[in-house]
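So you can see what is in the structure, the chains are spelled out below.
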Amino acid sequence: MLDPALPLVDANAEQLIQVFMALMINAADAMEHEGTITVRTRAGSSPHEQIIAEVIDEGPGIAGADLPKIFDPFFTTKAPGRGTGLGLSICYGIITDHGGRIEVDSAVGAGSTFRIFLTAMPAT
Ligand SMILES: Nc1ncnc2c1ncn2[C@@H]1O[C@H](COP(=O)(O)OP(=O)(O)OP(=O)(O)O)[C@@H](O)[C@H]1O
Ligand SMILES: [Mg+2]
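Being a predicted model, the structure only gives us computed values, none of them experimental.

A look at the overall build of the protein
No. 1: A tally of regular secondary structure across the protein gives two helices and four strands.
No. 2: In the protein, the succession of helices and strands from N to C terminus is α-β-β-α-β-β.
No. 3: Taking 124 residues into account, the globule formula puts the C-alpha radius of gyration at 14 Å, and the protein, at 15 Å, falls close to it.
No. 4: By principal-axis analysis of the C-alpha atoms, the protein measures approximately 50 × 25 × 25 Å.
No. 5: With an accessible surface of roughly 7500 Å², the protein has 58% of that area assigned to carbon and sulfur atoms.

Some thoughts on a nonpolar patch on the surface
No. 1: A cluster of nonpolar side chains, I17, M21 and I25, forms an exposed patch at the surface whose accessible area comes to about 290 Å².
No. 2: Mapping I25 onto the fold places it in helix 1 (residues 13-30).
No. 3: The class of I25 is partly exposed, set by a relative accessible area of 45%.

Brief notes about the packing of aromatic side chains
No. 1: Overall, the coordinates contain two aromatic pairs when judged by the stated rule.
No. 2: Relative to Y92, the ring of F71 has its centre 5.9 Å away and its plane inclined at 50°; by these criteria the two rings are tilted. With F71 in the loop between strand 2 (49-57) and helix 2 (87-97) and Y92 in helix 2, this residue pair connects regions lying 21 residues apart in the sequence.
No. 3: Judged by its relative accessible area of 41%, Y92 is partly exposed.
No. 4: Judged by centre distance (6.3 Å) and plane angle (80°), the ring pair of F71 and F114 falls under edge-to-face.

Digging into the sheet that holds strand 1 (residues 38-46)
No. 1: Within the open sheet, the four strands sit side by side as 1-2-4-3. Their pairing is antiparallel. Each edge of the open sheet is held by one strand with a lone partner, namely strand 1 and strand 3 (101-106). The sheet shows a mean angle of 20° between the axes of neighbouring strands, direction not considered.

Rules used in this analysis
Residues numbered from 1 in each chain as written. Chains lettered and ligands numbered in written order. Predicted model: local features only at pLDDT ≥ 70, side-chain atom pairs only at ≥ 80, totals over all residues. Heavy atoms only, no water. Helix = DSSP H or I, 4+ residues; strand = E, 2+ residues; numbered from the N terminus. Rg over C-alpha atoms; globule rule 2.2 N^0.38 Å. Areas by Shrake-Rupley, 256 points an atom, 1.4 Å probe, with all protein chains shown as cover. Patch = residues over 30% accessible without salt bridge, like charges linked within 9 Å, V, L, I, M, F, W, Y side chains within 5 Å. Salt bridge = Lys/Arg side-chain N within 4 Å of Asp/Glu carboxyl O. Buried < 20%, exposed > 50% of the residue type's maximum accessible area, 1.4 Å probe, protein only. Phe/Tyr/Trp six-rings, centres within 6.5 Å; stacked < 30°, edge-to-face > 60°. Pairing = 2+ DSSP bridges. Axes fitted to C-alpha atoms, helices over the stretch in contact; angles between N-to-C directions.

Printed below as a string of structure tokens:
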């Protein structure tokens with residue numbers, strides 16, 4: 001579900017593609033390739049966060065003890081050779097560089113929602 005009426009974002013398209021690819025690959029890994037990944041956008045209500053984009057999965061969720069660490073470089077729960085633990089730290093860096101914010105809502109057994117807030121380009 002993508003909101004066609006959203007304002008434009010002043011952003012590096014390749015970098016934002018990298019962010020959404022990393023989130024969707026994580027979602028697919030978490031669900032072991034079975035389940036639905038939802039990507040949706042909508043308007044935000046705060047003046048600096050006009051655009052909200054979410055990547056939602058039906059995977060096992062993230063343990064509370066891991067939640068504060070998932071954006072840290074090299075934090076991974078994947079088997080050696082399967083993940084570097086850099087995906088989310090790169091997402092965090094890119095979104096922060098764009099003046100935005102990324103957060104996660106997740107609980108064990110309840111799936112995960114990664115939510116990105118971005119600022120709209122000023123109207124000309
Ligand atoms: N959608 C998700 N569901 C459950 N756990 C997740 C999800 N996304 C991230 N995680 C947890 O956060 C950790 C860090 O994610 P991150 O993308 O930074 O690294 P990675 O996927 O392990 O490796 P890489 O992205 O470098 O291949 C993952 O190892 C996993 O434990
Ligand atoms: Mg990853």
